[in-house]
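Notes for the structure review
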Amino acid sequence: ASRFTPYPVAELGIGFLSYNFGSAVTNLVTYLLLIGGLVFFYFGICKKIDIDELFLFLILCFTNPILYFDNLEPMDYSWAFFPLALGIFALRKNFFELAVILFGISIGTRIYFLIFVFISIMYFDYKIQISLSRKIQFFFLSWFVGGLFYLPIWFENSMGFEWLTAVSPNEQGLSGLIARFFYKLIMSFSLISFFVISF
């Protein structure tokens, strides 16, 4: 792992592309994963597809400075979002086993995507009736698949969980994390996004 907390799938993908093809290709793939993720996310959550609505959704996302700039470089956010969006799309098509595998890959890319997987499974508007116990089963299976990616770092840390502790920004502790949270929240809205939303 290159850091705490490690993100195995993204590190393998970004590392492979960077080593073999350089930064330009790595950046391009990262950005294409964002675009693909947004499209599949839209197709997954909408019952009826409207191309105009899709374009408006994409414009709204691309005018957001956080989404735009954080995906112009090889960050692992879009690497985790793409399989999450594919998993939601698989749920829409009732491919539940495929959804579990895709959700597991998303968790294996960024471990806190476990939260998004939980929300996606529990609150998804399924075409057919799915019991709560089956939804919980989907979640734990996704967690299991995602957890397999972390086995090497878990073994390397003598089956301890110290590696789960993310290093706070510049060793600033809780206050640094809180400040960073509010800064990112403020930065996630821009004047362009405001006018697009208003329009």
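Residues numbered from 1 in each chain as written. Predicted model: local features only at pLDDT ≥ 70, side-chain atom pairs only at ≥ 80, totals over all residues. Heavy atoms only, no water.

**Considering helix α3 (residues 51-62)**
Taking 1.5 Å per residue, 12 residues should reach 16 Å; α3 reaches 16 Å between its end C-alpha atoms and fits that length. Inspection of α3 places L54, L58 and C61 among the buried residues, and these make up the whole buried set. Axial view of α3: buried residues confined to an arc of 60°, hence all on one face. Where the residues of α3 are buried, they touch α2 (23-45) and α4 (65-69). At the N-terminal end of α3, a side-chain oxygen is found 3.1 Å from the backbone nitrogen of D52, two or three residues along, and the residue is D50. (Helix = DSSP H or I, 4+ residues; strand = E, 2+ residues; numbered from the N terminus. Expected span 1.5 Å × (residues − 1). Buried < 20%, exposed > 50% of the residue type's maximum accessible area, 1.4 Å probe, protein only. Arc of directions from axis to C-beta. Contact = heavy atoms within 4.5 Å. Polar contact = N/O pair within 3.5 Å; in protein donor to acceptor, adjacent residues only side chain to side chain.)

**Side note on the pattern of salt bridges**
Scanning all chains against the criterion turns up 2 salt bridges. D125 is the salt-bridge partner of K47, the closest N and O atoms lying 2.6 Å from each other. Of this pair, K47 sits in the loop between α2 and α3 while D125 sits in the loop between α7 (113-123) and α8 (132-148), and the two are 78 residues apart along the sequence. Relative accessible area serves as the criterion here: at 65%, K47 is assigned to the exposed category. The exposure class of D125 is partly exposed, given its relative accessible area of 37%. For D76, the salt bridge identified is with R110, shortest N-O distance 2.2 Å. Placement of D76 in the loop between α4 and α5 (77-92) and of R110 in the loop between α6 (96-109) and α7 is noted, with a sequence separation of 34 residues between them. (Salt bridge = Lys/Arg side-chain N within 4 Å of Asp/Glu carboxyl O.)

**Observations regarding helix α1 (residues 8-21)**
Given a rise of 1.5 Å per residue, 14 residues ought to cover 20 Å, and the 19 Å separating the end C-alpha atoms of α1 matches this to within 8%. Residues of α1 that are buried: P8, V9, A10, G13, I14 and L17. Lining the buried residues of α1 we find α2, α5 and α6. Of the residues trailing α1, G22 is marked for its positive phi of about 90°.

**Re the packing of aromatic side chains**
Following the criterion strictly, the structure yields 19 aromatic pairs and no others. Measuring from ring centre to ring centre gives 6.3 Å for F40 and F82, while their planes differ by 80°; the resulting arrangement is edge-to-face. Residue F40 is found in helix α2, and its partner F82 is found in helix α5; the two are separated by 42 residues along the sequence. According to the relative accessible area criterion, F40 is partly exposed, its value standing at 27%. Look at F82 and you get partly exposed, because its relative accessible area is 22%. Ring plane angle 40° and centroid distance 5.6 Å describe the contact between Y112 and F113, whose orientation is recorded as tilted. Here F113 falls in the buried class, since its relative accessible area comes to 6%. Site record: aromatic cluster; members linked through ring pairs are F41, Y42, F43, F57 and F81. For R110, the ring lying beneath its charged end belongs to Y7, and the centroid distance is 4.4 Å. (Phe/Tyr/Trp six-rings, centres within 6.5 Å; stacked < 30°, edge-to-face > 60°. Lys NZ or Arg CZ within 6 Å of the ring centre and 35° of its normal.)

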